[in-house]
Each structure stands twice: as structure tokens, then as C-alpha cells.
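Given next are the chains, with one letter for each unit.
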Amino acid sequence: MSPTPLLIGFVIMSLASLAIYAKGAHRGPLRGHTLVHAAVPFIAATAYLAMYLGVGNLIKPDGSITYVARYLDWTFTTPLLLAGVVSSAYLGAREQEGQAGFVASIVTLDVVMIVTGLVASLAPYGTIKWVFFAWSCAAFVGVLYLLWKPLATLAGQHAAIGAAYRKNVGFLSVLWLIYPVVFAVGPEGVWAVSDAATVWVFLILDVLAKVVYAFTSERNLKTALARSGV
Ligand code: RET
């Protein structure tokens, strides 16, 4: 596999972290949003650097590669992204209690999703791989349930925040659903698609889910807050 996309990933994520911090809100209710979303590509840059330098790229006996740094990246970045979504839902909520419980439960499901995904990647071809893949998908369903049911209801207590929340979670859900598909068709799954192609697709997905999402979600929330004077 050519290391070029991994180097490109490192450069894009490093610059994006600085750009998100520089362009983001530095006061008011979206200050935390800026800090969380600047941290996400910083973590990703670290992972791309490790993958580019070949640290933690495990070549398994069947010849497929597990990029351990990718799973470490997701273990930290996806909870941060979800914590940001939970706090954005609470911008619309009339009562503030329960936020820590939502963060704890959604992060737990999410970390189970990533860790069992890593186990599925490391497992040899056969049933065990797909058992762990299915378990990871079950945890993912839990994440999506919390986002689309109780949290959407909370955000919807305020019309403009609710609309911004649904836009953000819609974009996030569509992108996140592509990750298991890429895993399943790539070398970690049925290997119908090459390692090089999956590295490129994950790079594009990561840029959309971490960088583009940071800017669009902040814009949607800012517009909603300005409209409502929260
Ligand atoms: C895996 C494989 C097993 C099944 C499932 C998966 C889901 C991964 C997801 C990753 C999202 C990553 C993001 C990173 C960027 O910030 C582990 C691929 C369900 C949803 C958004």
C-alpha cells in the first residue's frame, strides 16, 4: 500500500485542528464545541502519523492489515463527537439534568462498538469475525437510538435548536453508517475491495466526519442560537 494517503491524512488533520480552533466560537455556549472539534482532528493527525510511519500496522497471517492506530483514534474521537452532540441537544432542553448519564451511556455503547470492531478486524476469517462485527453493529444501533429518540426529543423542546440538531445528527448518521460498510467489503471483511482503496475511502470519511462536520454543525447551531436568542 502506498503511504501517500496516510501522509495526506496527517497534513489535513493537523491543519484542520488549527483551522477549527481559529475559526470557531471562543465565547458563549459554543466555546466547548470549538475545543472538542479542534481536539478531534488533532487526535486523528496523531493516528495518521503512526499509520504513515508504520507503527501499529499489524499484518495478520492471512496478509490483511489491521491499523491499530485507526481504532485508537476512533476510541477517543467518536466519544468526543458524541459528547458534543449530547451537549448540543441540551441547548434546546428545558431542564438540564441527565446530561452526564446520556454522555456516559452513549460513550459506553460507542466504545463497545469500536473495541468489538477491532476484535472483528483481528479475528481470522470465519464466523467469529462476523459475530463480533454483528455485536459492534448492535452497539451502533444503541448509539443511533439514543441520538434519534431521547436526545432528539430533548433538543426538540426548542424548535430552532431541534431543527439544527436533526440536521447535524442526520449528516453524522449517514457518514457513520458508511464505516461498517467499508469495513465489511474491505480486507478486514470479505476483501472484495483492496487495502489501498479502503485507506482512501476512510480518509475521505474521516475528513467529512471530523472536519466538515465540525464546521457545518457549528454553523447550524450558531444560526439556531442567533434566531432564538438563547
Ligand atoms: C466498525 C466495524 C464493525 C461494525 C461497525 C463499525 C463502526 C464504525 C464507526 C466508526 C466511526 C468513525 C468515525 C471516525 C471519525 O471521526 C468498527 C467499522 C458498526 C461508526 C466517525
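Basis of the calculations
- Residues numbered from 1 in each chain as written.
- Predicted model: local features only at pLDDT ≥ 70, side-chain atom pairs only at ≥ 80, totals over all residues.
- Heavy atoms only, no water.
- UniProt positions renumbered as here; feature names shortened; annotations may be inferred.
- Helix = DSSP H or I, 4+ residues; strand = E, 2+ residues; numbered from the N terminus.
- Core = buried A, V, L, I, M, F, W, Y, C linked by side-chain atoms within 4.5 Å.
- Buried < 20%, exposed > 50% of the residue type's maximum accessible area, 1.4 Å probe, protein only.
- Contact = heavy atoms within 4.5 Å.
- Patch = residues over 30% accessible without salt bridge, like charges linked within 9 Å, V, L, I, M, F, W, Y side chains within 5 Å.
- Areas by Shrake-Rupley, 256 points an atom, 1.4 Å probe, with all protein chains shown as cover.
- Salt bridge = Lys/Arg side-chain N within 4 Å of Asp/Glu carboxyl O.
- Near = heavy atom within 4 Å.
- Polar contact = N/O pair within 3.5 Å; in protein donor to acceptor, adjacent residues only side chain to side chain.
- Nonpolar A, V, L, I, M, F, W, Y, C, P; charged D, E, K, R; others polar.
- Phe/Tyr/Trp six-rings, centres within 6.5 Å; stacked < 30°, edge-to-face > 60°.

As annotated in an unreviewed UniProt entry, the protein chain is Bacteriorhodopsin from Pseudomonas oryzihabitans. Note on the protein chain: under the UniProt heading Subcellular location (unreviewed entry), the record states "Membrane". For the record of the protein chain, the UniProt heading Sequence similarities (unreviewed entry) holds the text "Belongs to the archaeal/bacterial/fungal opsin family."

A.B. asks: I tried to follow the UniProt feature "transmembrane region" (unreviewed entry) in the protein chain on my own but got confused; where do I start?
C.D. replies: Look at the UniProt record and you will see "transmembrane region" (unreviewed entry) annotated at residues 6–22, 34–54, 74–93, 100–122, 128–148, 169–185 and 197–215. Between the C-alpha atoms that bound residues 169–185 there is a distance of 25 Å. The span itself is 100% helix and 0% strand.

A.B. asks: Would you mind going over the nonpolar core with me for this structure?
C.D. replies: Most often, soluble globular proteins keep nonpolar side chains buried together rather than apart. Ile 106, Leu 147, Leu 151, Tyr 165 and Trp 176 are the most contacted members of the largest nonpolar core, which totals 39 residues. Among the elements of the structure, helix H3 (68–91), helix H4 (99–122), helix H5 (127–148), helix H6 (150–155), helix H7 (159–185) and helix H8 (195–228) are those that each provide at least two residues to this core. A total of 9 residues in this core trace back to one element, the largest contributor, which is H7. If we skip the residues at most four places from it in the chain, Tyr 165 touches Val 85, Ser 88, Ala 89, Leu 147, Leu 151, Ala 152 and Ala 155. Formed by 18 residues, the second largest nonpolar core is a distinct cluster that contains Tyr 48, Met 51, Tyr 67 and Leu 203.

A.B. asks: Would you explain a nonpolar patch on the surface in this entry?
C.D. replies: Nonpolar side chains collect at one region of the surface, where Leu 7, Val 11, Leu 15, Leu 18, Leu 49, Tyr 52, Leu 53 and Val 55 lie side by side and expose about 730 Å² of accessible area between them. Elements that contribute at least two residues to the nonpolar patch include exactly helix H1 (4–23) and helix H2 (31–52). Among the elements that line the nonpolar patch, the one with the most residues is H1, at 4 residues. Counting through the fold element by element, Leu 15 comes out in helix H1. Here Leu 15 falls in the exposed class, since its relative accessible area comes to 54%.

A.B. asks: Even after reading the chapter, I still don't get the site of the ligand, so can you show me in this structure?
C.D. replies: Surveying the vicinity of the ligand reveals 16 residues, the closest of which are Leu 81, Ser 136, Trp 176, Tyr 179 and Lys 210. One nitrogen or oxygen atom from the side chain of Lys 210 is found 3.1 Å from an oxygen atom belonging to the ligand. For the ligand, the accessible surface in isolation is 530 Å², of which the surrounding protein chains cover 100%. Contributions of two or more residues to the shell around the ligand are made by H3, H4, H5, H7 and H8. Of the residues belonging to the shell around the ligand, the class tally is 10 nonpolar, 4 polar and 2 charged.

A.B. asks: How should I be thinking about the pattern of salt bridges in this particular structure?
C.D. replies: In a structure, side chains of opposite charge can pair up when their charged atoms sit close to one another. Using the criterion set out here, one finds 4 salt bridges in the structure. With its nearest N and O atoms 3.3 Å apart, the salt bridge here joins Lys 210 to Asp 73. Taken together, the residues span a long stretch of sequence, with Lys 210 in helix H8 and Asp 73 in helix H3 at a distance of 137 residues. Measuring nitrogen to oxygen at the nearest pair gives 3.5 Å for the salt bridge that ties Asp 206 to Lys 210. Here Asp 206 pairs with Lys 210, and both are found in helix H8, just 4 residues apart, close to one helical turn. Residue class for Asp 206 comes out buried when judged on its relative accessible area of 0%.

A.B. asks: Would you mind showing me how to read the packing of aromatic side chains here?
C.D. replies: Aromatic ring pairs are defined here through the distance separating the ring centres and the angle between the ring planes. Summed over the entire model, instances satisfying the criterion amount to 8 aromatic pairs. Both rings, one in Tyr 71 and one in Trp 74, keep their centres 5.3 Å apart while their planes meet at 65°; by these two values the pair is edge-to-face. Residue Tyr 71 and its partner Trp 74 are both found in helix H3; the two are separated by 3 residues, about one turn of the helix. Looking at Trp 74, the relative accessible area reads 10%, which means it is buried. Centre to centre, the rings of Trp 130 and Phe 133 are 5.2 Å apart; their planes meet at 70°, and the pair counts as edge-to-face. Placement of both Trp 130 and Phe 133 in helix H5 is noted, with a separation of 3 residues, approximately one turn of the helix. The exposure class assigned to Trp 130 is partly exposed, which follows from its relative accessible area of 32%. Feature note: the residues Tyr 71, Trp 74, Tyr 179 and Phe 202 constitute an aromatic cluster, connected by ring pairs.

A.B. asks: Would you explain the side chain of Ser 136 in this entry?
C.D. replies: When you line up the elements, Ser 136 lands in helix H5. Accessibility expressed as a relative area gives 10% for Ser 136, which makes it buried. Excluding residues within four positions of it along the chain, Ser 136 makes contact with Met 113, Thr 116 and Gly 117.

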